[in-house]
Amino acid sequence: MKLGVVGLPNVGKSTLFNALTKNNIPSENYPFCTIEPNVGIVAVPDERLEVLGKLYNTQKITPAIVEFVDIAGLVKGASKGEGLGNKFLSHIREVDAIVHVVRCFDDDKITHVEGSINPVRDIEEINLELILSDLEAVNRRLERVSKQVKVGDKTAVLELALLQKIQTLLENEQPARAYLPQDDEEKEIIKGFFLITSKPVIYCANIKELAPNMIEDNIEYVKQVKEYAKKEQSEVVVVCAKIEEELSKLDDEEKELFKEELGIKSFGLDKLVVAGYRTLGLISYLTAGEKEVRAWTITNGTKAPGAAGKIHTDFEKGFIKAEVVTYEDLVHYGSYLKAKEAGKVRIEGKDYVVKDGDVMLFRFNV
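All figures in this text were calculated on a predicted structure; none of them were measured in a lab. (Residues numbered from 1 in each chain as written. Predicted model: local features only at pLDDT ≥ 70, side-chain atom pairs only at ≥ 80, totals over all residues. Heavy atoms only, no water.)

Peer 1: Please explain the overall build of the protein chain as it appears in this structure.
Peer 2: Secondary structure assignment for the protein chain yields 14 helices and 12 strands. Of all 366 residues assigned to the protein chain, the portion counted as buried reaches 47%. For the protein chain, contacts bridging at least 24 residues in sequence account for 70% of all contacts bridging at least 6. Of the roughly 19000 Å² of accessible surface on the protein chain, 49% is carried by carbon and sulfur atoms. (Helix = DSSP H or I, 4+ residues; strand = E, 2+ residues; numbered from the N terminus. Buried < 20%, exposed > 50% of the residue type's maximum accessible area, 1.4 Å probe, protein only. Contact = heavy atoms within 4.5 Å. Areas by Shrake-Rupley, 256 points an atom, 1.4 Å probe, with all protein chains shown as cover.)

Here you go:
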């Protein structure tokens, strides 16, 4: 899973990225500080792995991962080359989903490119630049596909029709994701367009501070972001990037003490990763043993052979069956053997749809 972190300059993108990856990415108080996209690999928080690690006395724990790409601040006119323009729009096309960081705090010491704080205006400004960039890409592709239609290319006929529908949406300042594919064929064709606005968005409301037992909806700027996101059925995650960056430098025990002081169950960054999973329809299944306990990322709805293929393509090709026990049952009975004796280990075939938290052992032919 790859998430691209975008937003206007000075909204807290690089600070958020520092917290996510514990990397010392510059976050100076001026536009275009980020020149090349910084990439960081972040572990998906999953308490189940630690529990299984102790259960199996494992040598190694390998969590699922998320790749975050910190993309430079976009400005009005980016689609026409303003600021650092299309150089960074091209980076966004490579991600699975967009994390749109929105400034939701006042601070006279931190400049704003528009001179004032207005979350909805900022969101719409970035979204419009992405739409204009996509419209330019669609128009170029339409010219090429139109020529293919004239020479009798049947596939091009469907592609042309889809491009024209998406073109109409973009011209009306609506994102490409507003078009709902009619079937898997349309879905695959649209995916091949690599349009930025076809990607799902998670809005990250960056607030100034986390007060004890803070109620997010009492923050006016956050309320505005949530109301906007609700219209397009996007998720909103509230974080204080500055505090999260400071927390990333603490050890686990210190973090837990801080969490208790604030009266919160989880930090914003953990929520962001989980929101990414949810937005992209991803789940994790688990493998466990003395050598390694590991989480594997799959799309919700994946069948057992496809899940096996995440470990190795040979597992999918030679799939025979899968031995499956739920995480809860395995922990309850204390061992795989005891869970099996209790009848909690199931034998599943090729049509089994893997569930989140399944602990699996695959049988296959080489």
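So that's the structure; there's more coming.
Peer 1: Sorry, what's going on with a negative patch on the surface here?
Peer 2: Taken together, Glu50, Asp251, Asp252, Glu253 and Glu254 make up a surface patch of like negative charges. Among the elements that make up the negative patch, the one with the highest residue count is helix α9 (residues 252–262) (three residues). In this structure, Asp251 sits in the loop between α8 (241–247) and α9. (Patch = residues over 30% accessible without salt bridge, like charges linked within 9 Å, V, L, I, M, F, W, Y side chains within 5 Å. Salt bridge = Lys/Arg side-chain N within 4 Å of Asp/Glu carboxyl O. Lys, Arg positive; Asp, Glu negative; His and termini not counted. Charge placed at Lys NZ, Arg CZ, Asp CG, Glu CD.)

Peer 1: Can you help me understand the sheet that holds strand β6 (residues 201–206) in this one?
Peer 2: The strands making up a sheet associate through backbone hydrogen bonding, with each pair oriented either parallel or antiparallel. Ordered in space as β2-β4-β1-β5-β6-β7, the six strands form an open sheet in which the pairing is mixed. The open sheet has two edge strands with one neighbour each: β2 (38–43) and β7 (235–239). The sheet shows a mean angle of 25 degrees between the axes of neighbouring strands, taken without regard to direction. Sheet topology note: the strand β5 (residues 97–103)/β6 ladder contains six bridges and is parallel. When the sheet's bridge partners are listed, Val101 is paired in β6 with Cys204. (Pairing = 2+ DSSP bridges. Axes fitted to C-alpha atoms, helices over the stretch in contact; angles between N-to-C directions.)

Peer 1: Help me understand the packing of helix α4 (residues 119–150) against helix α5 (residues 154–171), please; the structure alone is not making it clear to me.
Peer 2: When two helices pack together, their arrangement is given by the angle between their axes and by how far apart the axes lie. Relative orientation of the contacting elements α4 and α5 amounts to 155 degrees, with a least axis distance of 9 Å. Relative to α5, the element α4 is oriented roughly antiparallel. The handedness of the crossing between α4 and α5 comes out as left-handed. Along its contact with α4, which presents Ile131, Asp134, Leu135, Val138, Asn139, Arg141, Leu142, Val145, Ser146, Gln148 and Val149, the element α5 presents Ala156, Val157, Glu159, Leu160, Leu163, Gln164, Ile166, Gln167, Leu170 and Glu171. Its residues assigned to classes, the contact of α4 with α5 comprises 12 nonpolar, five polar and four charged. (Parallel < 35°, antiparallel > 145°, perpendicular 65-115°, else oblique. Left-handed = near helix turned anticlockwise from the far one by under 90°. Nonpolar A, V, L, I, M, F, W, Y, C, P; charged D, E, K, R; others polar.)

Peer 1: I tried to follow empty space enclosed by the protein on my own but got confused; where do I start?
Peer 2: Leftover empty space is mapped by rolling, across the atoms, a probe with the size of a water molecule. On inspection of all chains with the given rule, the structure shows one cavity of 30 Å³ or more. Lining the largest cavity are Gly7, Leu8, Val11, His100, Val101, Val102, Arg103 and Asp122. When residues in the lining of the largest cavity are grouped by element, the largest group, four residues, is from β5. Residues belonging to the lining of the largest cavity are distributed by class as follows: four nonpolar, two polar and two charged. (1 Å grid on protein atoms, 1.4 Å probe; cavity = no way out; pocket = protein on both sides within 12 Å on 5 of 7 lines; lining within 4 Å. Points joined across faces, edges and corners; volume = space filled by probe spheres on them.)

Peer 1: Hey, could you run me through the nonpolar core in this one?
Peer 2: Nonpolar side chains in soluble globular proteins generally cluster together in the buried interior. Counting residues in hydrophobic clusters, the biggest one holds 67 residues, and the most contacted among them are Leu16, Phe68, Ile92, Ile98, Val99, Cys104 and Tyr203. What Phe68 contacts, discounting residues up to four positions off in sequence, is Leu3, Val5, Phe17, Leu20, Asn38, Val39, Gly40, Val42, Val99, Leu272 and Val273. Membership of the second largest hydrophobic core comes to 19 residues, among which are Val138, Leu142, Leu160 and Ile166. (Core = buried A, V, L, I, M, F, W, Y, C linked by side-chain atoms within 4.5 Å.)

Peer 1: What am I meant to see in the packing of aromatic side chains here?
Peer 2: The description of an aromatic ring pair uses the distance of the two centres, along with the angle that the planes make with each other. Applying the stated criterion across every chain, the model contains five aromatic pairs. Their ring planes at 15 degrees and their centres at 6.5 Å tell us that Tyr285 and Trp296 sit as a pair that is stacked. Separated by 11 residues along the polypeptide, Tyr285 in strand β8 (residues 282–288) and Trp296 in strand β9 (residues 293–299) bring together distant segments of the chain. Tyr285 sits in the buried class, given a relative accessible area of 0%. A connected cluster of aromatic rings, assembled from ring pairs, spans Tyr285, Trp296, Phe319 and Phe362. Above the plane of the ring of Trp296 lies Arg294, whose end atom (NZ or CZ) is 4.0 Å from the centre. (Phe/Tyr/Trp six-rings, centres within 6.5 Å; stacked < 30°, edge-to-face > 60°. Lys NZ or Arg CZ within 6 Å of the ring centre and 35° of its normal.)

Peer 1: Help me understand α4, please; the structure alone is not making it clear to me.
Peer 2: One turn of an α-helix holds 3.6 residues; hence residues three or four places apart share an orientation. Taking 1.5 Å of rise per residue, 32 residues should cover 46 Å, and α4 covers 46 Å from first to last C-alpha, within 8% of that figure. Positioned one or two residues after α4, Gly152 has a phi angle of 90 degrees, which is positive. (Expected span 1.5 Å × (residues − 1).)

Peer 1: Explain the pattern of salt bridges here, please?
Peer 2: For side chains bearing opposite charge, pairing can occur when the charged atoms are close. Tallied over the full model, the rule gives 15 salt bridges. One salt bridge connects Lys242 with Glu245, and the closest N-O pair in it is separated by 3.8 Å. Taken as a pair, Lys242 and Glu245 lie in helix α8 at a separation of three residues, close to a single helical turn. According to the relative accessible area criterion, Glu245 is buried, its value standing at 11%. Through salt bridges with shared partners, a single ionic network connects Asp46, Arg48 and Asp356.

Peer 1: Is there a simple way to explain the environment of Ile110 in this structure?
Peer 2: Assignment of secondary structure puts Ile110 in the loop between β5 and α4. Ile110 gets classed as partly exposed once you look at its relative accessible area, which sits at 30%. As a C-alpha pair, Ile110 and Val11 span 99 residues in sequence and 9.0 Å in three-dimensional space.

Peer 1: Please explain unusual backbone geometry as it appears in this structure.
Peer 2: Notably, Asn57 is not glycine yet its phi reads approximately 50 degrees, a positive angle. Looking at the secondary structure, you find Asn57 in the loop between α2 (47–56) and β3 (61–62). Of note, the phi angle at Glu173 is positive, near 60 degrees, even though the residue is not glycine. Position of Glu173 relative to the elements: it lies in the loop between α5 and α6 (184–191).

Peer 1: Looking at this structure, how should I read a nonpolar patch on the surface?
Peer 2: Taken together, Val39, Ile41 and Ile65 make up a surface patch of nonpolar side chains, about 270 Å² in accessible area. Relative to the assigned elements, Ile41 resides in strand β2. A residue is classified by how much of its surface remains accessible, and Ile41, at 52% relative accessible area, is exposed.

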